[in-house]
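# Coordinate analysis (summary)
For reference, the chains in residue letters:
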Amino acid sequence: MVSSFLTHAEVVVDPARPIESWGLSVDGRARAAGAVDVAWHPGVRRIVSSTERKAIDTAEVLAAAVGVVPESDAALGEIDRSATGYLPLDEFEGVVDAFFAEPERSVRGWERAVDAQARIVDAVRRVSADGDVTIVSHGAVGALLLADLLRVPISRALDQPGMGSVFAFDPAEWRATSGWTRVPRR
């Protein structure tokens, strides 16, 4: 069995809008189009994304290329960082570092890493129970899922190399079958 965990591609950052409503940028759409080459395998019949706009957009681009109607599931969402909302990049990176470094502590009101990991693991197990699937979600929860699949501690070292990345996993054996690969732009 081969399933894929795909992160949304590059987004249009708009600090005036809620983060979950941000959509894909032009570059993000080009990268999402390349997902068909690395995040889709013969026999996969389902694409399930989080309910955030950037993940839905990515799933819709991939689904159109392979002729599948995408589904969505709120439990596949990114870490809850609504306590801070948008943060400038330098500040954001520092909070993300702390999030991974102290997984049992809420950093600035964000969802704890251990709680986000339990949520994403439960969601992926449920979504993949009926067979292979391509999941479209987010980088931080992808790193948490990958840690569980590898049976290693939570670490930022497992974070994606950039937006629009993918890894493969075997849901029956519950193990990663690859590390992160960046999706090429088309």
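For the structure itself, look to the data block above.
Below you will find a few notes about this structure. Each chain has its residues counted from 1, running along the sequence as written. Residues qualify for local features only when their pLDDT is at least 70, as the model is predicted, and side-chain atom pairs are given and counted only at 80 or more; totals for whole chains, interfaces and linings, by contrast, use all residues. Note that the side-chain values use all heavy atoms of the structure and ignore hydrogens as well as water.

Turning to the packing of helix H1 (residues 26–38) against helix H2 (residues 53–66), a few remarks are in order. Axes here mean lines fitted to C-alpha atoms, for a helix over just the part in contact, with angles spanning 0 to 180 degrees between N-to-C directions. By definition, any uninterrupted DSSP run of H or I lasting at least four residues is a helix, any uninterrupted run of E lasting at least two residues is a strand, and each is numbered from the N terminus. H2 packs onto H1 with a crossing angle of 45 degrees between their chain directions and a minimal axis gap of 8 Å. Taken as axis vectors, H1 and H2 run oblique relative to one another. In the packing of H1 onto H2, the handedness of the crossing is right-handed. Along its contact with H1, which presents Arg29, Ala32, Ala33, Ala35 and Val36, the element H2 presents Asp57, Thr58, Val61, Leu62, Ala65 and Val66. With respect to orientation, any angle under 35 degrees is reported as roughly parallel, any angle over 145 as roughly antiparallel, any angle of 65 to 115 as roughly perpendicular, and every other angle as oblique. In a left-handed crossing the near helix is turned counterclockwise from the far helix by less than a right angle, and in a right-handed crossing that turn is clockwise. Here, residues are in contact when the closest pair of their heavy atoms is within 4.5 Å.

What follows covers the pairing of strand S4 (residues 134–137). Exposure classes here rest on a 1.4 Å probe applied to the protein chains alone. A residue is buried below 20% of its type maximum, exposed above 50%, and partly exposed in between. Of the two faces of S4, both are covered, the one formed by Thr134 and Val136 as well as the one formed by Ile135 and Ser137. Where strand S1 (residues 3–7) and S4 come together, four bridges link them in parallel fashion. Following the sheet pairing, Thr7 is matched in S4 by Ser137. Whether two strands pair depends on DSSP finding at least two bridges between them. Two strands pair when backbone bridges link them, and strand S2 (residues 47–49) and S4 are joined in this way by three bridges, in the parallel orientation. From the neighbouring strand, Ile47 faces S4, where its bridge partner is Thr134.

In this structure, Val2 sits in the segment before S1. It is 30 Å that separates the C-alpha atoms of Val2 and Phe99, two residues lying 97 residues apart in sequence.

Given 3.6 residues to a turn, an α-helix orients residues that are three or four positions apart in the same direction. Expected span, for any helix, means 1.5 Å times one less than how many residues it has. For helix H3 (residues 89–101), spanning 13 residues, the distance from its first C-alpha to its last is 18 Å, which sits close to the expected 18 Å at 1.5 Å a residue. Three or more residues of H3 are buried, namely Val95, Val96, Ala98, Phe99 and Phe100. In this structure, the buried side of H3 is in contact with helix H4 (113–127) and helix H5 (139–150).

Two rings belonging to Phe, Tyr or Trp (six-membered ring only in the last case) form a pair when the distance between their centres is within 6.5 Å. Interplanar angles under 30 degrees mark stacking, angles over 60 mark edge-to-face geometry, and anything in between is tilted. Under the defined criterion, the tally for this structure stands at nine aromatic pairs. For the ring pair Phe169 and Trp174, a centre distance of 6.2 Å and an interplane angle of 75 degrees mean the geometry is edge-to-face. Just as Phe169 is buried, Trp174 falls in that class too. Three or more aromatic residues joined by ring pairs form one cluster here, namely Phe5, Phe167, Phe169, Trp174 and Trp180.

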